[in-house]
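Coordinate analysis (summary)
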Amino acid sequence: MRTDIQSILNKLGVKAENAAFSTGSVWGGGSNSKSLESFSPVDGKIIASAKVATSADYDAIVEKSQEAFKHWRTIPAPKRGEIVRQFGDALRANKDALGTLVSYEMGKSLQEGFGEVQEMIDICDFAVGLSRQLYGLTMHSERPSHRMYEQWHPLGIVGIISAFNFPVAVWSWNTALALVCGNVCIWKPSEKTPLTAVACQHIIAKVFKDNDVPEGVCNLIIGDREVGELMTKDGRVPLISATGSTRMGKAVGAAVGARLGKSLLELGGNNAIIISEHADLDMSLIGAVFGAVGTAGQRCTSTRRLIIHESVYDAFAAKLVKAYGQLRIGDPLDQNNHVGPLIDNDAVASYLDSIEKCKAEGGKFLVEGGVLDGAEYASGCYVKPCIAQVKNDFEIVQHETFAPILYLIKYKTLDEAIALQNGVPQGLSSAIMTLNLREAEQFLSYQGSDCGIANVNIGTSGAEIGGAFGGEKETGGGRESGSDAWRAYMRRQTNTINYSNTLPLAQGIKFDL
Ligand code: UN1
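Residues numbered from 1 in each chain as written. Predicted model: local features only at pLDDT ≥ 70, side-chain atom pairs only at ≥ 80, totals over all residues. Heavy atoms only, no water.

1. Section: helix H14 (residues 437-444)
Note: α-helices contain 3.6 residues per turn, so residues at a spacing of three or four share the same orientation. Taken residue by residue, H14 has Glu 439, Ala 440 and Phe 443 as its buried positions. Across the axial projection of H14, the buried residues extend over an arc of 100°, all falling on one side. Opposite the buried face of H14, at more than 90 degrees from it, the exposed residues are Leu 437 and Arg 438. Of the surrounding elements, those touching the buried residues of H14 are strand E12 (271-275), helix H13 (414-422), strand E18 (429-433) and strand E19 (453-456). The N-capping residue of H14, defined by a side-chain oxygen 2.9 Å from the backbone nitrogen of Arg 438, is Asn 436. (Buried < 20%, exposed > 50% of the residue type's maximum accessible area, 1.4 Å probe, protein only. Helix = DSSP H or I, 4+ residues; strand = E, 2+ residues; numbered from the N terminus. Arc of directions from axis to C-beta. Contact = heavy atoms within 4.5 Å. Polar contact = N/O pair within 3.5 Å; in protein donor to acceptor, adjacent residues only side chain to side chain.)

If you want it as C-alpha cells, here you go:
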C-alpha cells in the first residue's frame, strides 16, 4: 500500500511552513515574497513551500545564536552529551516517519531513507561517548617548575551547508559533534530538500525544550544561494562545514579563506573499484552494482568507474549487464524497487548530457541509458542506469556526474590500475576487490590509493560513521563524522603555567633587568 505522506508530515509536525527560519521553538521571518517549493521526484508533486530568508532574517538568527552560545558553552560537555543522547532517542522514535519523508522528498529507496536516519542515530551515540573524551595532550616543559598542556574550546557558531543527497544525515554528523564540543549551529539545507530539514528541526527543538535549553542553539535557515553567501562571508561564523559539488566548494572555500575563517569541505568524488584477477567476482558484483545504482548514483561515494583486469573483463562485464537487466526502477517507497528517481529535471538533463558527451568521445554503451516514461514515471525523473566502456582520460570520465552512469576501464598491471584510480581530480573513496594480500596491501600503502577512503573487498559507498569521512584533492580535504574529526569543531589552546619563583625564558634566552 502506498505510504500516506500527509500522515507522515503530521507525525513529524511539518506543515506548509510559512517562515524562513527557526531558532529552536520559534519560527521567524517570512517577510520575503520569495518562497521555495519542495518538489517530490517520486511523483512530481509539490509537497509544500517555505519562505526564503532575507538578510534581515539571517542577521536575527546570527544574533540569537551568539546569545545562545554564551549559555550553551557553560553546560559541561557530558551534560551536552546527555542532550544529544536524547536527540538520538527522539530519532529512534521517529525513524520510520523521517526515513519515509527522506525517501519521498529526495527519492532514495525507503531502505536507504531508514539507513540515513540510522546514521543519524549512530553519530548521536558516538557523540555521547565523545562528550567525555575531548582530550588534549600534556607536554613536558623545557623549563623547571613549568607545566604545559593543551585544551580544546568551542568555536562559536558552526554554519552547516548540506546537500540534497543526504538531506539529514550529513547535518547530524556536523550537529552532534558541534553540540558536544560546545558550539551552536546554523543549518542551511539544500533548496531541494527543505521539508526533511524542517522535520529535523522540530525533533531537535523539542529535545532542547524538554531540557530547558534556550532558543538559538540549533537553528535552521531556509534559503537560497544568497543566504549561503551571507554565511560564508560572515566573520561571526568561525567554521563553515559545506557538502556539495566541487564548484560550490571552491566558492565557499574562497569566501571563507578570504576572511581567514575555517572551512570543512566535503565535495565531489569520482570513485573507482579495481576488480583484480584475484577478486571474488560474485562479491564484487554486489559491491559494484550497489555502489553505482544505489541512491540512483547520487552519493558522493557512488561508484563511477570500474577498473577491471583484462583477464576477467569480459566475464565481469557480462555479469554486470545481466544484473542491470534485473534492476527494478520505480517508486522508491515500494520496497521491491532497487532504483528511484534522480532529484529533479536538471539532474536528468545533466545525466543525458553526460551520456551524449561520453558517446562523442568514443564511449561504447553496454547498457544504454534513457529517461523512462509512463504513468509510474510521471515526474520525468526516472532514468535507466547505464554502463559504458571508456578511457580514463575522456573529459567526461574525469568529471563527476551525479547519476547512475558506470564507466568500465581495462587494465593489465596493478601499478597501472592504481595510476588510473588516482588519475582523476577528485579523491574521496576507492576500493579494490582482491583475495591477494600483496595487492590489497599495495593498494592501501602510500604508493596506493590517494583517496580519503580506501577499502578492500567492500564497495566505495556506505562508510560507517566511526571513521573520519572525507577526501583529498578536489574533494576538499575536510573530515567529518568519526575518529578525531571533532577537532575541526574546536579551537586548540596551548597553556604554559610557571609555578617556580623565577621567570626563565624559553630557548635559554637571558634577559635580566
Ligand atoms: C554523501 O554522499 O555525501 O558513505 C555522504 C556513504 C554514506 C555517506 C555519503 N555513509 O555512502
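Next comes the rest of the account.
2. Focus: the sheet that holds strand E23 (residues 490-498)
The strand order across the open sheet built from 3 strands is E5-E6-E23, with neighbouring strands paired in antiparallel fashion. Strand pairing shows two members of the sheet lacking a second neighbour, strand E5 (138-139) and E23, which therefore form its edges. Pairing of strand E6 (residues 146-154) with E23 involves 9 bridges; the strand directions are antiparallel. Looking at E23, one finds that His 153 is bridged to Arg 491. (Pairing = 2+ DSSP bridges.)

3. Structural notes on the sheet that holds strand E7 (residues 157-161)
By definition, the strands of a sheet pair up through backbone hydrogen bonds, in either a parallel or an antiparallel sense. Here 7 strands make up an open sheet; going across it, the order is E2-E1-E9-E8-E7-E10-E11 and the pairing mixed. Unpaired on one side and paired on the other, strand E2 (26-28) and strand E11 (262-266) mark the two borders of the sheet. The mean inter-strand angle of the sheet, taken between neighbouring strand axes irrespective of direction, is 15°. Across 4 bridges, E7 lies against strand E10 (residues 239-243) in parallel orientation. (Axes fitted to C-alpha atoms, helices over the stretch in contact; angles between N-to-C directions.)

4. Some points on the side chain of Asp 57
Mapped onto the secondary structure, Asp 57 falls in helix H2 (residues 55-72). Lys 51 is the oppositely charged side chain nearest to the buried, salt-bridge-free Asp 57, at an N-O distance of 9.9 Å. Among the polar contacts listed, one links the side chain of Asp 57 to the backbone nitrogen of Thr 54, at a separation of 2.9 Å. Beyond its immediate stretch of four places on either side in the chain, Asp 57 contacts Ala 20, Phe 21, Gly 29, Gly 30, Ser 31 and Val 52. (Lys, Arg positive; Asp, Glu negative; His and termini not counted. Salt bridge = Lys/Arg side-chain N within 4 Å of Asp/Glu carboxyl O.)

5. Observations regarding helix H4 (residues 95-106)
When the terminal C-alpha atoms of H4 are compared, their 16 Å separation across 12 residues agrees well with the 16 Å that a helix rising 1.5 Å per residue should span. For H4, the tally of buried residues reaches 10 of 12 residues, placing the bulk of the element in the interior. The complete set of buried residues in H4 reads Ala 97, Leu 98, Gly 99, Thr 100, Leu 101, Val 102, Ser 103, Tyr 104, Glu 105 and Met 106. Packing partners of the buried residues in H4 comprise helix H1 (5-11), strand E3 (35-39), strand E4 (46-51), helix H3 (77-93), helix H5 (110-130) and helix H7 (194-210). Of the residues trailing H4, Gly 107 is marked for its positive phi of about 100°. (Expected span 1.5 Å × (residues − 1).)

6. A short note on the environment of Ala 93
Considering the arrangement of structural elements, one finds Ala 93 in helix H3. Spatially, the C-alpha atom of Ala 93 lies 10.0 Å from that of Ile 203, the residues being 110 residues apart in sequence.

7. Remarks on the pattern of salt bridges
Between side chains of opposite charge, a pair can form when the charged atoms approach closely. As enumerated under the stated definition, the model contains 25 salt bridges in all. Among the salt bridges present, the one from Asp 125 reaches Arg 92, with a minimum N-O distance of 3.0 Å. In this pair, Asp 125 sits in helix H5 while Arg 92 sits in helix H3, placing the two residues 33 residues apart along the sequence. Its relative accessible area of 39% is what places Asp 125 among the partly exposed residues. Residue Lys 108 pairs with Glu 116 through a salt bridge whose shortest N-O separation is 2.5 Å.

8. Considering the pairing of E4
Inspection of the sheet shows E3 paired to E4 by 5 bridges, in the antiparallel sense. In the strand pairing of E4, Leu 36 is matched with Ala 50. Counted along the chain from E3 to the antiparallel partner E4, the turn is 6 residues long, and its residue Gly 44 has a positive phi close to 75°.

9. Looking at the UniProt feature "active site" (unreviewed entry) in the protein
Sites flagged by UniProt as "active site" (unreviewed entry) map to Glu 266. With respect to the element layout, Glu 266 can be found in strand E11. Those residues within four positions of Glu 266 in sequence are excluded, and the remaining contacts are Ala 242, Thr 243, Gly 244, Cys 300, Leu 428, Phe 469, Gly 470, Thr 475 and Glu 480. (UniProt positions renumbered as here; feature names shortened; annotations may be inferred.)

10. Quick word on unusual backbone geometry
For Thr 295, which is not glycine, the phi torsion reads 55° and is therefore positive. By the secondary structure assignment, Thr 295 is in the loop between helix H10 (281-293) and strand E13 (303-309). With a phi close to 50°, Lys 473 is a non-glycine residue in the positive phi region. Given the relative accessible area of 38%, Lys 473 is considered partly exposed.

11. Notes on the packing of aromatic side chains
Working definition: an aromatic ring pair is given by the centre-to-centre distance plus the angle between the planes. Per the counting criterion, the structure on display carries 7 aromatic pairs. Relative to Phe 402, the ring of Phe 164 has its centre 6.0 Å away and its plane inclined at 80°; by these criteria the two rings are edge-to-face. You can see Phe 164 sitting in the loop between E7 and helix H6 (169-180) and its partner Phe 402 sitting in the loop between strand E15 (386-389) and strand E16 (405-411), a full 238 residues away along the chain. By relative accessible area, which is 12% here, Phe 164 ends up buried. Relative accessible area serves as the criterion here: at 22%, Phe 402 is assigned to the partly exposed category. Centroid distance Trp 171 to Trp 187: 4.5 Å. Interplanar angle 10°. Geometry classified as stacked. Placement of the pair is Trp 171 in helix H6 and Trp 187 in strand E8 (residues 184-188), with a sequence separation of 16 residues. Within the aromatic cluster, the residues linked to one another by ring pairs are Phe 87, Trp 171 and Trp 187. If you follow Lys 108 out to its NZ or CZ, it ends over the ring of Phe 166, 3.6 Å from the centre. In this arrangement the basic side chain of Lys 410 is found over the ring face of Tyr 313, its NZ or CZ atom lying 4.7 Å from the centre. (Phe/Tyr/Trp six-rings, centres within 6.5 Å; stacked < 30°, edge-to-face > 60°. Lys NZ or Arg CZ within 6 Å of the ring centre and 35° of its normal.)

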